[in-house]
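Chains, contacts and geometry: an overview
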Amino acid sequence: MSAHPLKIGDIKCAVLHEGESDLIADNLAARYPGVTPGQIDAALAGQKPSGSLNLPYINSGGKHIIADVGFGAAGRPSAGGTEAALKSLNLAPAEIDIVYLTHFHGDHIAGLADDAGQLAFPNASYMTTQAEWDEWTARWSASDAPQDQKTLDLFTSLQDRFSFASPGDEIAPGLSVVDLKGHTLGHSGLLIESGGERLLHVVDLLHQPFQFANTDWHFSFDSDAELAVETRRRVLQQCADEEILTLFYHMPFPGLGKVSGENDVYRWNPIA
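Reference entry: report on the structure contained in this document.

What counts, and where the lines are drawn
- Residues numbered from 1 in each chain as written.
- Predicted model: local features only at pLDDT ≥ 70, side-chain atom pairs only at ≥ 80, totals over all residues.
- Heavy atoms only, no water.
- Helix = DSSP H or I, 4+ residues; strand = E, 2+ residues; numbered from the N terminus.
- Buried < 20%, exposed > 50% of the residue type's maximum accessible area, 1.4 Å probe, protein only.
- Areas by Shrake-Rupley, 256 points an atom, 1.4 Å probe, with all protein chains shown as cover.
- Lys, Arg positive; Asp, Glu negative; His and termini not counted.
- Charge placed at Lys NZ, Arg CZ, Asp CG, Glu CD.
- Phe/Tyr/Trp six-rings, centres within 6.5 Å; stacked < 30°, edge-to-face > 60°.
- Lys NZ or Arg CZ within 6 Å of the ring centre and 35° of its normal.
- Polar contact = N/O pair within 3.5 Å; in protein donor to acceptor, adjacent residues only side chain to side chain.
- Pairing = 2+ DSSP bridges.
- Axes fitted to C-alpha atoms, helices over the stretch in contact; angles between N-to-C directions.
- Salt bridge = Lys/Arg side-chain N within 4 Å of Asp/Glu carboxyl O.

What to know about the overall build of the protein
The helix and strand inventory of the protein stands at six helices and 14 strands. Projected onto the principal axes, the alpha-carbon positions of the protein cover approximately 50 × 45 × 35 Å. Relative to its 272 residues, the protein shows a buried fraction of 51%. Of the roughly 12000 Å² that the protein leaves accessible, carbon and sulfur atoms contribute 49%. Within the protein, one finds 17 positive and 36 negative side-chain charges whose respective centroids are separated by 5 Å.

Here it is as structure tokens:
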């Protein structure tokens, strides 16, 4: 199934299966500084690492909204499923009104345009946090890597179509921005609220199920490792305390479930 429809109160939503990232268990230890291969093996307990790419779609206030775009059709063989997932909902990419970018890592933004520069969502406006824009445009500007320069050129060309939101801002009825900074300096999620129901999209709060029980294992791509750990613990405890339905970008599709536990040791309880 390429899309998992659901409703939060009166708000129609879905999780779109963009695809899978290419994760090799033997290389996972390199992604978690200070963690040994033996610790990774023990934490996996014979399970394959998770690599799903789960994009939320929200229909609110007459707007079709998605958060992030994944690798896109040109990204890699295991990804590029967003268009098919939208089609299963009887939607075309041209109908997307708002693309909210939670952060600017490649597996969240590479699908914005193809190699020829054609936009995947040609009629959309774009939103992110100012901190995210500032961090990555500065990084790309200082880089000599051709891909970084290409990405900078794309974002510069789209600058007039971007607006910036802050944590707490409501970007559509029942849809507000949540502060998740640490993984990147402007990393943010989305909270959907309607009819007494809530869904919290926590994006890259963590990347593997074993981080629920090892909250201090930070990811090698974290911009601020200490802050990422602090944010992870704070938000996981909130999810557990409030028993809130939670969406993770990288948990097995559809990435929906609830968090339980306390004292920095948590469990992931996916929906059936």
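Right, picking up where we left off after that structure.
Here we look at the packing of aromatic side chains
Taken as a whole and assessed by the stated rule, the structure comprises 16 aromatic pairs. Look at Phe104 and Trp140: their rings are 5.9 Å apart centre to centre, the planes differ by 5°, and that puts the pair in the stacked class. One end of the pair, Phe104, is in the loop between strand S5 (98-100) and helix H3 (106-109); the other, Trp140, is in helix H4 (residues 130-142), and 36 residues separate them in sequence. No difference in accessibility class separates Phe104 from Trp140, as the two residues are buried. Ring centres 5.6 Å apart and planes at 45° place the aromatic pair Phe219 and Phe221 in the tilted group. A relative accessible area of 48% means that Phe221 is categorised as partly exposed. Counting every residue linked through ring pairs, the aromatic cluster contains Phe104, Tyr126, Trp133, Trp136, Trp140, Phe155, Phe162 and Phe164. Across from the ring centre of Trp136, 4.4 Å away, lies the NZ or CZ of Arg139, which sits over that ring.

Considerations on the environment of Asn54
In this structure, Asn54 sits in strand S3 (residues 52-60). For the pair Asn54 and Asp153, spaced 99 residues apart in sequence, the C-alpha to C-alpha distance is 27 Å. A polar side-chain atom of Asn54 sits 2.7 Å from a polar atom in the side chain of Ser52. At a separation of 2.7 Å, a polar atom in the side chain of Asn54 contacts the main-chain carbonyl oxygen of Met251.

Quick word on the sheet that holds strand S11 (residues 197-203)
Taken together, seven strands build an open sheet; the order of strands is S8-S9-S10-S11-S12-S13-S14 and the sheet is mixed. For this open sheet the edge positions go to strand S8 (170-172) and strand S14 (265-270), each flanked by a neighbour on one side alone. Between one strand and the next, the sheet's axes are offset by a mean angle of 35°, whatever the strand orientation. When strand S10 (residues 188-194) meets S11, the two strands line up antiparallel, connected through five bridges. What sits directly across from Ser194, in S11, is Glu197.

Some words on the sheet that holds S3
The seven strands lie next to each other as S1-S2-S3-S4-S5-S6-S7, forming an open sheet whose pairing is mixed. Strands with a single pairing partner mark the edges of an open sheet, and in this sheet they are strand S1 (3-8) and strand S7 (162-164). Between one strand and the next, the sheet's axes are offset by a mean angle of 25°, whatever the strand orientation. The pairing of strand S2 (residues 11-20) with S3 spans eight bridges and is classified as antiparallel. Looking at the pairing, His17 lines up with Asn54 of S3.

A word on the pattern of salt bridges
Counted according to the given criterion, the structure contains four salt bridges. Measuring nitrogen to oxygen at the nearest pair gives 2.7 Å for the salt bridge that ties Asp179 to Lys181. For Asp179, a relative accessible area of 23% gives the class partly exposed. For Lys181, a relative accessible area of 34% corresponds to the partly exposed category.

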